Amino acid sequence: ELLFRQPFSDITMETRPTSNLSPRQQQVIDFLRRSLRERGYVPSIRELGEALGLRSTSTIHYHLTILADRGLIRWEKGKNRSLQLLCEDPLGRTGSAILPLAGRIAAGVPIEAIEGIEVVDLATVWPTDNSYLLEVKGTSMIEDHIAPGDWVVVHKQDTARDGDIVVALLASGEATLKRFYRNKEGICLKPANAELKPLYVDHVKIQGRVVGVIRKLA
C-alpha cells in the first residue's frame, strides 16, 4: 500500500513576486520556495549562496536580515539550517504556522483557562529545517491512528531503529509507510492493520521517520 508515487519535483506550487523586494531578495525567496517544493525543506546558507552565485556570506546575511525584518523569513544568525519561510509554505498557504493556545484540557474535566494570550508556533513542535509533510493514502497504518487524508510529519533521515514508522523506498521505486524492523531474514516493513501482511525485503532505502500526524476533523 503506497504512501506516494511522485517525486517532490512533480509537486506544483505557484511562485509569485513579493512586493517591495529587490531582484536579489526576490531570488532568495523564490529559491526557498523551490527548495521547499522539491526537497521538502529549506537550504543551508551555503547551499543558498551556491545556488544564487553569492560567495560572500556577508552579502547573504544582508539580504536575509532584510527579509527577516519584513517578516518573510525567520533566521537565527550563526545556525546553518535555521532558515524558515514564513510568507508561504509548500502547500501554497500564506502566513506562519502559529495558532493561539486557548487553554489546557484533560478528558472529562473543565478547561483550564490561561491568563493573557499565548501562541504555539508549530515549528517549535516539529522543526522545519529538515522535515516535510506527506498526505496518507490507504489504511495500512490505521491501527497506529494514521488514517487516509492525514498528513504525517516526516523527519528526513536515512537510518531507522526497530519500531520506527518510516517512509521506505522499495527497489521498485515505490515508497510506503510502515513500521521498520530488522531480523535475521532481512528487513520487515510491518503495517498497523491486522488485515494486511508484513512486507519482507532484503534492502530498503529509508527516506525519513514519522514524528507527528496532522488531522483535520472538519
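Caption draft 1: Examining the overall build of the protein more closely. In terms of helices and strands, the protein carries 4 helices and 12 strands. Burial status across the protein gives 40% buried among its 218 residues. Once local pairs closer than 6 in sequence are excluded, the contacts in the protein between residues at least 24 apart make up 53%. Working note: accessible area of the protein is about 13,100 Å², and carbon and sulfur atoms make up 53% of it.

Caption draft 2: Region of interest: the pairing of strand E9 (residues 175–183). In the sheet, strand E8 (residues 165–169) pairs with E9 via 5 bridges, with the strands oriented antiparallel. Note on E9: the bridge partner recorded for Val167 is Leu177. Connecting the antiparallel pair E8 and E9 is a turn made up of 5 residues, with Gly173 showing a positive phi of about 95 degrees. Across 5 bridges, the pairing between E9 and strand E10 (residues 186–190) is antiparallel. Looking across to E10, one finds that Phe180 is bridged to Leu189. A loop of 2 residues connects E9 with E10, the two strands running antiparallel in sequence.

Caption draft 3: Region of interest: the pattern of salt bridges. Under the criterion given, the structure shown has 5 salt bridges. Glu135 is the salt-bridge partner of Lys137, the closest N and O atoms lying 3.5 Å from each other. Judged by its relative accessible area of 48%, Lys137 is partly exposed. Two residues, Asp144 and Arg179, come together in a salt bridge whose shortest N-O distance is 2.9 Å. One end of the pair, Asp144, is in the loop between strand E6 (131–135) and strand E7 (151–155); the other, Arg179, is in strand E9, and 35 residues separate them in sequence. Classification of Asp144 as partly exposed rests on a relative accessible area of 25%.

Caption draft 4: Representation of the packing of helix H2 (residues 45–52) against helix H3 (residues 57–69) within the structure. Contact pair H2 / H3: the axes reach a minimum separation of 10 Å and the direction vectors enclose 105 degrees. When the axes of H2 and H3 are compared, the pair comes out roughly perpendicular. Of the residues in H3, those in contact with Ile45, Leu48 and Gly49 of H2 are Ile60, His61 and Leu64. Residue composition of the contact of H2 with H3, grouped by class: 4 nonpolar, 2 polar and no charged.

Caption draft 5: Representation of H2 within the structure. Buried within H2 are the following residues: Ile45, Glu47, Leu48, Gly49 and Leu52. Gly53 lies just past H2 and shows a positive phi near 70 degrees.

Caption draft 6: Structural view of the confidence of the model for the protein. Predicted confidence across the protein gives a mean pLDDT of 75, with 67% of residues reaching 70 or more. Least confident of the elements in the protein is strand E1 (residues 2–4), whose mean pLDDT is 41; most confident is E10, at 94. Here residues 1–18 is modelled with pLDDT under 50, and outside its nearest four sequence neighbours on either side it reaches 52 contacts, counting other chains as well. Low confidence marks residues 88–96, where pLDDT is under 50. Its contacts with residues over four positions away, or in another chain, come to 20 contacts.

Caption draft 7: Focus on the nonpolar core. If you look at the biggest cluster of nonpolar residues, it comprises 19 residues, and the most contacted ones within it are Leu48, Leu64, Ile73 and Leu83. Listing elements by their share of this core, those giving two or more residues are helix H1 (23–39), H2 and H3. No other element matches the 5 residues that H1 contributes to this core. Counting residues in each nonpolar core, the second largest holds 13 residues, with Leu134, Ile165, Val167 and Leu177 among its members.

Caption draft 8: Examining the environment of Gly71 more closely. Along the chain, Gly71 falls in the loop between H3 and strand E2 (73–74). Its relative accessible area of 41% is what places Gly71 among the partly exposed residues. Spatially, the C-alpha atom of Gly71 lies 7.0 Å from that of Leu86, the residues being 15 residues apart in sequence.

Caption draft 9: Quick peek at unusual backbone geometry. With a phi close to 65 degrees, His145 is a non-glycine residue in the positive phi region. Residue placement: His145 occurs in the loop between E6 and E7.

The rules behind these values
Residues numbered from 1 in each chain as written. Predicted model: local features only at pLDDT ≥ 70, side-chain atom pairs only at ≥ 80, totals over all residues. Heavy atoms only, no water. Helix = DSSP H or I, 4+ residues; strand = E, 2+ residues; numbered from the N terminus. Buried < 20%, exposed > 50% of the residue type's maximum accessible area, 1.4 Å probe, protein only. Contact = heavy atoms within 4.5 Å. Areas by Shrake-Rupley, 256 points an atom, 1.4 Å probe, with all protein chains shown as cover. Pairing = 2+ DSSP bridges. Salt bridge = Lys/Arg side-chain N within 4 Å of Asp/Glu carboxyl O. Axes fitted to C-alpha atoms, helices over the stretch in contact; angles between N-to-C directions. Parallel < 35°, antiparallel > 145°, perpendicular 65-115°, else oblique. Nonpolar A, V, L, I, M, F, W, Y, C, P; charged D, E, K, R; others polar. pLDDT = per-residue confidence, 0-100. Core = buried A, V, L, I, M, F, W, Y, C linked by side-chain atoms within 4.5 Å.

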